[in-house]
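Okay, here's what each chain looks like letter by letter:
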Amino acid sequence: MVETALFFQVLIWLLITAIFFRSSRPSIFHPIAFYLVFHGIVFVLRPLLVYYANFDFVWHYIGFDPTNEQFVKALAISSAGLVTFVISCHFGAKKSRKLIFSGSKIVFTEKENLAFYILLAFFLPVIIYSFEVMTGGIGGERVGETFIMTDVSGYAYQAQDLIIPLLTLLLVKNRFKAFTLIPVIAYFGYRAFIGWGRWAIILSSICFLLAYCWSQRRIRLPVFVFIIAPVLFILFSVIGSNRDIFKQYLTGQTPETTILDKSLTWQEKYDNLDFASFDFLTYIAAMVPKETGTYNYGIGWLQLFTEPIPRQLWPGKPIGTPSFFVLSTYGNFIGLTDSLPGSGWMDGGWFGVVIISSLWGFGLGRFYKWFTWNERSKVSALIYIMAISMIVQLFRDGNISIFKFWLFTVPPFFLWHIIAKILDSKLPHNERVVKP
């Protein structure tokens, strides 16, 4: 039964992928392309490793031993989410333009360059303060499945993400010249040293890549991507195995990491919590509603209204995501993620999966359509590139965390555009386009 289900899991993904890339408008900028990659890794490759390579670390971590029926059910839920998302996204993107990126490369005007430096001067102190907060450690306590910050606001911690749009503007305005990679490498080095926020390295890399293709008017991925991607994967895995590994290297300590331990098997190195959304989904589907007795019926999205209020201003703010149940009651689910189909299942079973996947698919499809018709507009294109680069966070978490990423990464482009417009109306028009 499981082998048959796995066969159809792979077949469905391959068929949809083939249909997408044989369509008249395939694009690396398309939300469907992002979801296909995500689904292929966590809901196609991962269950194959779980079943055939005995990747069972997550089962032991949770304290859960799934039956064959539960395993197959999780496969079916993930495929239902894939099909629903792709169909709804396709209809949302109807009448989008085919991206051919014709015309000259993107060049900033004199006012846009000046607007960038004003934006940099405005945000740099905030970013430095946020880096200091993170470097000094975050004080707090864990209540149930949620970690609560007690000494600083979450805004102070999250504000460091402002550096991603600033680096994107820097790279685009200087046409990705070699010297602009220095601050990017420094940022990645800082993230590696701190050891937390591995996803910031991956998501910002996606943003820089898409910005490069758009600004250089390239439709296909450059060759260097296939060289850098394995390096980033190794960095991601190494930090995941030991958050303090670079600190230990720099302080002369002997770091321990399973990834670099030659005595361990391949399975022991890579059977971990990374990319294990399928395992988490299997647990969710087994517990909800059989053990919980109920679904959430969308109550978790109320966090959109409570989360923006700092706990310092509202000491009694509800802790974590509103829910009618706690998954950790039945196993160790602390620190694990729901995924988009998992979130839909918790909200209303099969109906919830279809509704959540359809709404997000259609909305992102419309967003992509807007991008294709406005991609020559610098601010429009950069807003889309930044937002879609972060979308993996939505697919992985299935909750409002994506809005936290967007809050500090998307608005800076609006502000940059407004400053440039003000400068354009106030300053003389001696030179409209300048080379960096």
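Let me begin by describing the structure that accompanies this report. Since the model is a prediction, treat every value here as computed from it, not as a measurement.

About the cut-offs
- Residues numbered from 1 in each chain as written.
- Predicted model: local features only at pLDDT ≥ 70, side-chain atom pairs only at ≥ 80, totals over all residues.
- Heavy atoms only, no water.
- Helix = DSSP H or I, 4+ residues; strand = E, 2+ residues; numbered from the N terminus.
- Rg over C-alpha atoms; globule rule 2.2 N^0.38 Å.
- Buried < 20%, exposed > 50% of the residue type's maximum accessible area, 1.4 Å probe, protein only.
- Lys, Arg positive; Asp, Glu negative; His and termini not counted.
- Charge placed at Lys NZ, Arg CZ, Asp CG, Glu CD.
- Axes fitted to C-alpha atoms, helices over the stretch in contact; angles between N-to-C directions.
- Parallel < 35°, antiparallel > 145°, perpendicular 65-115°, else oblique.
- Left-handed = near helix turned anticlockwise from the far one by under 90°.
- Contact = heavy atoms within 4.5 Å.
- Nonpolar A, V, L, I, M, F, W, Y, C, P; charged D, E, K, R; others polar.
- Salt bridge = Lys/Arg side-chain N within 4 Å of Asp/Glu carboxyl O.

Across its full length, the protein carries 19 helices and two strands. Taken over C-alpha atoms, the radius of gyration comes to 22 Å for the protein, in line with the 22 Å a tight globule of 436 residues would show. Based on the C-alpha atoms only, the size of the protein along its principal axes is roughly 70 × 55 × 50 Å. By the burial criterion, 51% of the 436 residues in the protein qualify as buried. When the 36 basic and 26 acidic side-chain charges of the protein are each reduced to a single mean position, those positions are 17 Å apart.

This part is about the packing of helix α9 (residues 198-215) against helix α10 (residues 225-241). Close contact between α9 and α10 brings their axes to 9 Å; oriented N to C, the two are set at 165 degrees. The angle between α9 and α10 falls in the class roughly antiparallel. The element α9 and its partner α10 pack so that their crossing is right-handed. On the side of α9, the interface is formed by Arg 198, Trp 199, Ile 201, Ile 202, Ser 205 and Leu 209, while α10 contributes Val 225, Leu 232, Leu 235, Phe 236, Ile 239 and Gly 240. By residue class, the composition of the contact of α9 with α10 is nine nonpolar, two polar and one charged.

For the pair helix α5 (residues 110-135) and helix α7 (residues 163-173), the least separation of the axes is 9 Å and the interaxial angle reads 145 degrees. Considering how the two elements wind past one another, α5 and α7 form a crossing that is left-handed. Residues Asn 113, Phe 116, Tyr 117, Leu 119, Leu 120, Phe 123, Ile 127 and Phe 131 of α5 form the contact with α7, whose participating residues are Ile 163, Leu 166, Leu 169, Leu 170 and Lys 173. Broken down by class, the residue content of the contact of α5 with α7 amounts to 11 nonpolar, one polar and one charged.

This model, assessed by the stated rule, comprises eight salt bridges. Among the salt bridges present, the one from Glu 112 reaches Lys 378, with a minimum N-O distance of 3.3 Å. Of the two residues, Glu 112 is situated in helix α5 and Lys 378 in helix α16 (residues 378-389); the sequence distance between them amounts to 266 residues. Residue class for Lys 378 comes out buried when judged on its relative accessible area of 18%. Where Asp 161 meets Arg 191, a salt bridge forms, and the shortest distance between an N and an O atom there is 3.4 Å. One end of the pair, Asp 161, is in the loop between α6 (154-158) and α7; the other, Arg 191, is in helix α8 (residues 181-194), with 30 residues separating them in the sequence. By relative accessible area, which is 4% here, Arg 191 ends up buried. Three or more residues are tied together by salt bridges with common partners; here these are Arg 46, Asp 271 and Asp 279.

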